[in-house]
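Coordinate inspection notes
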Amino acid sequence: MTAKARLRTRVAASLGIAAVATLLAGALALDTRIVALGLAVLLAAAAAAAAALLYRRLAAARALHASITGAIEGIDQGFGMFDAAGRLALCNRRYREIFRRNGTDPDSRTPEIGMTVRDLVGLTIENGLNVVPAGQSTREFIKERVAGLRSARNLVWHTADGRWFALDVSPAPDGRWVALWTEITEIKRAEEERRSLAMQLHHAQKLEAMGTLAGGMAHDLNNAMVPLLALTKLAVAALPEGSRERRRLELVQRGAERAREVAAQMLAFSREEKVDTAAVDFPTVLREAMELLRTSLPATIRLETRIQPVPPIVANAGQLSQVIVNLVTNASQAIGAQMGTIDVSLELAPPPAQAGDQRSSWVRLAVADTGCGMNEATRQRIFEPFFTTKEVGQGTGLGLSVVHGIIAAHGGTIEVSSRPGDGTRFDILLPAA
Ligand SMILES: Nc1ncnc2c1ncn2[C@@H]1O[C@H](COP(=O)(O)OP(=O)(O)OP(=O)(O)O)[C@@H](O)[C@H]1O
Ligand SMILES: [Mg+2]
C-alpha cells in the first residue's frame, strides 16, 4: 500500500471513531445537534473509506496494466493489437523492429499507433520487405496482401531481405484482434541445409550405383576385347602389307583398341582399377599436359596458364594429366569455332570447408573458359557416366565421370560454376602431401 493510501485509510478510521464517539456523546446528553454532528462525521468517514478503497483498486489496476505492457514489450515475438476498425492500437518493440529492413536499418520508418493494415503493408513495401511483382500495381498488391492477412489465421512470410516469420492472428470477442509474429529464419535455414544435404547424398549414391554398373560392364567388355585384339593382331600380321584386307583389319584393330580405352576409363570411374601413387610435382605434370594440348587446340583459342610453386601431392601422374586433358578438351569444345580463352591456373589454396584438418595445405587447379556455359539442369548431371549433350559420335559422356572418379580417389573436391552464354569454371582442390 502506498503512503497516500495508508494515510487515507487512517483518516477514514479516525473519522469513524470520532463519529461513534460524537454519536455516543449526543445520545448521552440527549442533544439532537450533537447527534446530527455525529451523523455528519459518520458520513464523512464512510466517504473517506470509500475513497480509500477506490484509490487502492485504481493503484492495483494501474500496476497490473504496467506489468502486462512490460511483459508484452519484453517478449521476443512481434505483438500488434488492432481495434475493431482495423487500426493498430498497441504494439511492442519487436513488432516495430520487424518492419525495419534487415530488422535493424535505422533509416526504415516503423509502424505507428493508428495505422491500418493497408498502411502497414504499404510500409513493408517502402522498407523493401515486400517487392511488388512486375506486372502488378502497388494498389493491387496491397489489396491482395490485406485480403490474405484478413482471411488467414496462420501464415508464413518470407521477407525480401531474407527473413522468415510465422504469423498467428487471434480475434478477441469485442472485434479487436491480435497479430503475433514469430521469427523462424533459423529453422528455415536448417531445413534448407538438411534438404541440400539429402540431395547431395542422393546424388552421391546415384553416382556410386552407376560406378558399380559401369565397372561391371567394363570388366565384361575388357574380357570380350582380349581375344578380339589378340586374334586381329595375328590376322593383320598374316596378311600382306598394303593389301585392302590388311587395311580393313587394321581399322578393326584400332576400333577395338579404342573400345578397350573406353573400358579402362569406365574402370577408372568405378575406382576398381588399382593405380600407383607417388609424391608428384603438379606444376611439371601440368606443364607437360599443356604442351600436348597446345598443339591440338585450334588457333582461335588462347590458352593462358598461371602456375605457382606448390608442395608435392600424392597422386598418380597419369591420372592427373587425364584430368587436365579432359577439362581443357571440354573447355575447347564449349568454345567451339568461336574465338575464346581457356585459363588454367595452379596455386596454393585454403582447405575446403569439409576438410577434416583445417591446417593442411591444399592445391587448386582451376580451368575457366569463355565458352557456351551450361544451364542448371545440365550442370547437375555432368558427372554422370554417359551423360553428354554432344551429338552421337562426338562425345561418350565419360570425360567428367572419369575426372570425378580420379579426384574422389585422391581425396579432392570439384566445384563448377557456369551460366549459359557466360563460360564455365572448374575448381579442383587436392590435399598436398
Ligand atoms: N567447359 C564446359 N562448358 C560447357 N559445358 C560443359 C563443359 N564441360 C562439360 N560440359 C557439359 O558436360 C557434359 C559432360 O561432359 P563429359 O566430359 O563428361 O562428356 P563429353 O565431353 O560430352 O564426352 P567425352 O568427354 O566423353 O568425349 C558435356 O556434354 C557438356 O554438356
Ligand atoms: Mg568431355
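Residues numbered from 1 in each chain as written. Chains lettered and ligands numbered in written order. Predicted model: local features only at pLDDT ≥ 70, side-chain atom pairs only at ≥ 80, totals over all residues. Heavy atoms only, no water.

This next bit is on the overall build of the protein. When its secondary structure is counted, the protein shows 11 helices and 12 strands. Against the compact-globule benchmark of 22 Å for 433 residues, the protein has a radius of gyration of 42 Å, which places it well outside the compact range. The burial tally for the protein puts 35% of its 433 residues in the buried class. Distance from the positive charge centre (49 side chains) to the negative charge centre (44 side chains) of the protein: 10 Å. (Helix = DSSP H or I, 4+ residues; strand = E, 2+ residues; numbered from the N terminus. Rg over C-alpha atoms; globule rule 2.2 N^0.38 Å. Buried < 20%, exposed > 50% of the residue type's maximum accessible area, 1.4 Å probe, protein only. Lys, Arg positive; Asp, Glu negative; His and termini not counted. Charge placed at Lys NZ, Arg CZ, Asp CG, Glu CD.)

Moving on, we get to the sheet that holds strand E12 (residues 424–431). Read across the open sheet, the 5 strands follow the order E7-E9-E10-E12-E11; overall the sheet is mixed. Since the sheet does not close on itself, it has two edges, and those belong to strand E7 (301–307) and strand E11 (413–418), each with one partner. Strand-to-strand twist of the sheet, defined as the mean angle between neighbouring strand axes without regard to direction, takes the value 10 degrees. Across 8 bridges, strand E10 (residues 362–369) lies against E12 in antiparallel orientation. The partner of valine 363 across the bridge, within E12, is leucine 430. In the packing of helix H8 (residues 282–296) onto the sheet, contacts are made with E7, strand E9 (340–349), E10 and E12, and the angle to E7 comes to roughly 170 degrees. Its contacts with the sheet put helix H9 (residues 317–335) on E7, E9, E10 and E12, and the angle it makes with E10 is roughly 25 degrees. (Pairing = 2+ DSSP bridges. Axes fitted to C-alpha atoms, helices over the stretch in contact; angles between N-to-C directions. Contact = heavy atoms within 4.5 Å.)

This paragraph deals with the domain arrangement of the protein. Under the domain assignment, the protein is made up of domain 1 (3–74), domain 2 (78–183), domain 3 (192–273) and domain 4 (276–433). With centres defined by C-alpha atoms, the gap from domain 2 to domain 4 works out at 50 Å. (Domains from an automatic or database assignment.)

Its 43 residues place the ends of helix H2 (residues 32–74) 63 Å apart at the C-alpha level, agreeing with the 63 Å of an ideal helix rising 1.5 Å per residue. Those residues of H2 that sit buried are Gly38, Val41, Ala45, Ala48, Ala52 and Ile72. (Expected span 1.5 Å × (residues − 1).)

Attention now moves to the sheet that holds strand E4 (residues 164–171). Read across the sheet, 5 strands follow the order E2-E1-E5-E4-E3 without closing on themselves; strand pairing throughout is antiparallel. If you trace the sheet from one side to the other, it starts and ends with strand E2 (88–91) and strand E3 (154–158), each paired once. Averaged over all adjacent pairs, the angle separating strand axes in this sheet is 25 degrees, with direction ignored. Summarising the sheet, strand E1 (residues 78–82) and strand E5 (residues 177–183) pair through 5 bridges and their orientation is antiparallel.

Glancing now at the packing of aromatic side chains. This structure, assessed with the given rule, holds 5 aromatic pairs. Relative to phenylalanine 99, the ring of tyrosine 95 lies with its centre 5.2 Å away and its plane at 45 degrees, an arrangement referred to as tilted. A relative accessible area of 5% places phenylalanine 99 in the buried class. Following the ring pairs from residue to residue traces out a cluster consisting of Trp157, Phe165 and Trp181. (Phe/Tyr/Trp six-rings, centres within 6.5 Å; stacked < 30°, edge-to-face > 60°.)

What follows covers the nonpolar core. Ranked by internal contacts, the top residues of the largest apolar core, which has 41 residues, are Phe282, Ile324, Val328, Ile342, Val344 and Leu365. Mapped by element, the contributors of at least two residues to this core are H8, E7, strand E8 (313–315), H9, E9, E10, helix H11 (399–409) and E12. The biggest single contributor to this core is H9, with 7 residues. By size, the runner-up hydrophobic cluster in this structure holds 22 residues, among which are Tyr95, Leu167, Val169 and Trp181. (Core = buried A, V, L, I, M, F, W, Y, C linked by side-chain atoms within 4.5 Å.)

The environment of ligand 1 is formed by 20 residues, the closest being Asn330, Thr388, Thr389, Lys390 and Thr396. Measuring from an oxygen atom of ligand 1, one finds a backbone N or O atom of glycine 397 at 2.9 Å. Contact distances for ligand 1 include 3.2 Å between a nitrogen atom and a side-chain N or O atom of threonine 424. For ligand 1, whose accessible area on its own is 590 Å², the fraction buried by protein is 91%. Of all elements in the fold, only H9 and H11 reach the threshold of two or more residues within the shell around ligand 1. For the shell around ligand 1, the element with the most residues is H9, which contributes 4 residues. Tallied by class, the residues present in the shell around ligand 1 amount to 7 nonpolar, 11 polar and 2 charged. (Near = heavy atom within 4 Å. Polar contact = N/O pair within 3.5 Å; in protein donor to acceptor, adjacent residues only side chain to side chain. Areas by Shrake-Rupley, 256 points an atom, 1.4 Å probe, with all protein chains shown as cover. Nonpolar A, V, L, I, M, F, W, Y, C, P; charged D, E, K, R; others polar.)

Let's shift gears to the pattern of salt bridges. Counted according to the given criterion, the structure contains 19 salt bridges. Put simply, glutamate 97 and arginine 93 hold a salt bridge, and the shortest N to O gap is 3.1 Å. Of this pair, glutamate 97 and arginine 93 are both found in helix H3 (residues 93–98), 4 residues apart, which corresponds to roughly one turn of the helix. You can call glutamate 97 partly exposed: its relative accessible area is 23%. Glutamate 126 is paired through a salt bridge with arginine 109; the nearest N and O atoms lie 3.0 Å apart. Taken together, the residues span a long stretch of sequence, with glutamate 126 in helix H4 (residues 117–126) and arginine 109 in the loop between H3 and H4 at a distance of 17 residues. (Salt bridge = Lys/Arg side-chain N within 4 Å of Asp/Glu carboxyl O.)

The computed volume of the second largest pocket comes to approximately 760 Å³. Elements with a minimum of two residues in the lining of the second largest pocket: helix H7 (244–269), H9, E10, H11 and E12. The element best represented in the lining of the second largest pocket is H9, accounting for 8 residues. Of the residues in the lining of the second largest pocket, the class split is 12 nonpolar, 15 polar and 3 charged. (1 Å grid on protein atoms, 1.4 Å probe; cavity = no way out; pocket = protein on both sides within 12 Å on 5 of 7 lines; lining within 4 Å. Points joined across faces, edges and corners; volume = space filled by probe spheres on them.)

Right, let's talk about the pairing of E1 for a bit. For E1, the tally of buried residues reaches 5 of 5 residues, placing the bulk of the element in the interior. In E1, alternate side chains face the same way, and those of Gly78, Gly80 and Phe82 on one face and Phe79 and Met81 on the other are all buried. Examined bridge by bridge, E1 and E2 share 3 bridges and lie antiparallel to one another. What sits directly across from glycine 80, in E2, is cysteine 91.

Most of the time, phi is negative for any residue but glycine, and the peptide bond is trans. Unusually for a residue other than glycine, asparagine 102 sits at a positive phi of about 60 degrees. Note on asparagine 102: relative accessible area 47%, which makes it partly exposed. Here the phi dihedral of phenylalanine 386 falls at roughly 70 degrees; this positive angle occurs in a residue that is not glycine. Turning to its location among the elements, phenylalanine 386 is positioned in the loop between helix H10 (376–381) and H11.

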